[in-house]
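Structural overview
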Amino acid sequence: EAGSVWDAVLAAEPAPIVAIPEGRVDELAEALADVVDLKSPFFLGHSRGVARLAGDAAAQLGHGDESATLCRAGLFHDLGRVGVSNLVWDKPGSLTSSEWEQVRLHAYNTERILSRSPVLAPLAQIAGMHHERTDGSGYHRAATAATIPVAARILAAADVFQALTERRPHRAAITPEQAAKEVDAMVAAGALDPEAARAVCEVAGVALRRSRTSGPWPAGLTDREVEVLRLLARGMSKKEIAASLVIAPGTVHTHTVHIYEKLSVSTRAGVALFAMKHGLVQT
């Protein structure tokens, strides 16, 4: 209470103080991931598995430049687990409200830990959002699709898939195929980004039953209108959209008019916001 615990811990490090060069940050990430996962036998290998899925999924989606960043974020994403008692993590029955509050805090703790290091701070938000859901049902921010970065969406899908294939105190592990079905259900419910979920399942060697949420697109949009909407949201002109989709410019104009009517918007910004809110952005 009288001083900084952070400073006290740093001051307690025995000499000589070891500095880790930039080139060894990945080694540090792997070491910390393994130590965190040793907290419970139910978590062994979890962080490495999430890192691998997230990094590979990013590359699958054409975000190769973010692959290394997502791997690191995956390795660090559960650092906050160490701040929650094993009485919670290893409990075989239902959690109480107060226990759930502790669980929700682990994502916040991860973000705070990473944000204290200038080198690791760029990973803090992505790692801290690994339990956010595009429908706003996640934690710790209860963020919605419009405010969840693509990288965080990929990490969230990777974390869900990996966890489902691992044993937990209250359930047995399930097969990758069964995990894909569970992920698919979360996509259909609007909790996970469709493209991120698809990529994670594909790099895991399984496929979703569909490439998008079940049922009709939001606002009654057709498949072609969604294709046009995604390109409109990216700022492409009607001529560019026509060339990209190999259709006539007049057809693009007709689709655009219908999109604006169905969405009840009058600007491209409105189209873009709708796309982000409903997970329609082509990642």
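Since we're looking at a predicted model, the values are computed, not measured.

Section: the packing of aromatic side chains
Within the structure shown, the criterion is met by 1 aromatic pair. Centroid distance Phe43 to Trp89: 5.6 Å. Interplanar angle 80°. Geometry classified as edge-to-face. Of the two residues, Phe43 sits in the loop between helix 2 (25-37) and helix 3 (46-60) while Trp89 sits in helix 5 (residues 86-89), which places them 46 residues apart along the sequence. In this arrangement the basic side chain of Arg81 is found over the ring face of Trp89, its NZ or CZ atom lying 4.6 Å from the centre.

Things to note about unusual backbone geometry
Here Ala15 and Pro16 are connected by a cis peptide whose omega angle stands at -5°. Structurally, the position occupied by Pro16 is in the loop between helix 1 (5-11) and helix 2. Cis geometry is adopted by the peptide bond preceding His140, which originates at Tyr139 and carries an omega value of 15°. Its place among the elements puts His140 in the loop between helix 7 (121-128) and helix 8 (150-164). Phi at Ala219 is positive, roughly 65°, even though this residue is not glycine. Among the residues examined, Ala219 registers a relative accessible area of 38% and is labelled partly exposed. The phi dihedral of Val246 is positive, around 55°, even though this residue is not glycine. Along the chain, Val246 falls in the loop between helix 12 (238-245) and helix 13 (249-263).

Thoughts on the pattern of salt bridges
All chains considered together, the criterion is met by 16 salt bridges. For Arg81, the salt bridge identified is with Asp78, shortest N-O distance 2.8 Å. Pair check on accessibility: Arg81 and Asp78 agree, each one buried. Note that Glu99 is salt-bridged to Lys91, the shortest N-O span being 2.8 Å. Taking relative accessible area as the criterion, Glu99 reaches 15% and is therefore assigned buried. Residues joined in a network through salt bridges with shared partners are Glu195, Arg198, Glu202 and Arg230.

What about the packing of helix 4 (residues 64-76) against helix 8?
Following both chains from N to C, one finds helix 4 and helix 8 inclined at 50°, their axes separated by 11 Å at the closest point. Between helix 4 and helix 8, the angle is such that the two are oblique. Along this stretch, helix 4 crosses helix 8, giving a crossing that reads as right-handed. From helix 4, Glu66, Leu70, Ala73 and Gly74 reach across to helix 8, where they touch Ala151, Ile154 and Leu155. The class makeup of the residues in the contact of helix 4 with helix 8 is 5 nonpolar, 1 polar and 1 charged.

Basis of the calculations
Residues numbered from 1 in each chain as written. Predicted model: local features only at pLDDT ≥ 70, side-chain atom pairs only at ≥ 80, totals over all residues. Heavy atoms only, no water. Phe/Tyr/Trp six-rings, centres within 6.5 Å; stacked < 30°, edge-to-face > 60°. Helix = DSSP H or I, 4+ residues; strand = E, 2+ residues; numbered from the N terminus. Lys NZ or Arg CZ within 6 Å of the ring centre and 35° of its normal. Buried < 20%, exposed > 50% of the residue type's maximum accessible area, 1.4 Å probe, protein only. Salt bridge = Lys/Arg side-chain N within 4 Å of Asp/Glu carboxyl O. Axes fitted to C-alpha atoms, helices over the stretch in contact; angles between N-to-C directions. Parallel < 35°, antiparallel > 145°, perpendicular 65-115°, else oblique. Left-handed = near helix turned anticlockwise from the far one by under 90°. Contact = heavy atoms within 4.5 Å. Nonpolar A, V, L, I, M, F, W, Y, C, P; charged D, E, K, R; others polar.

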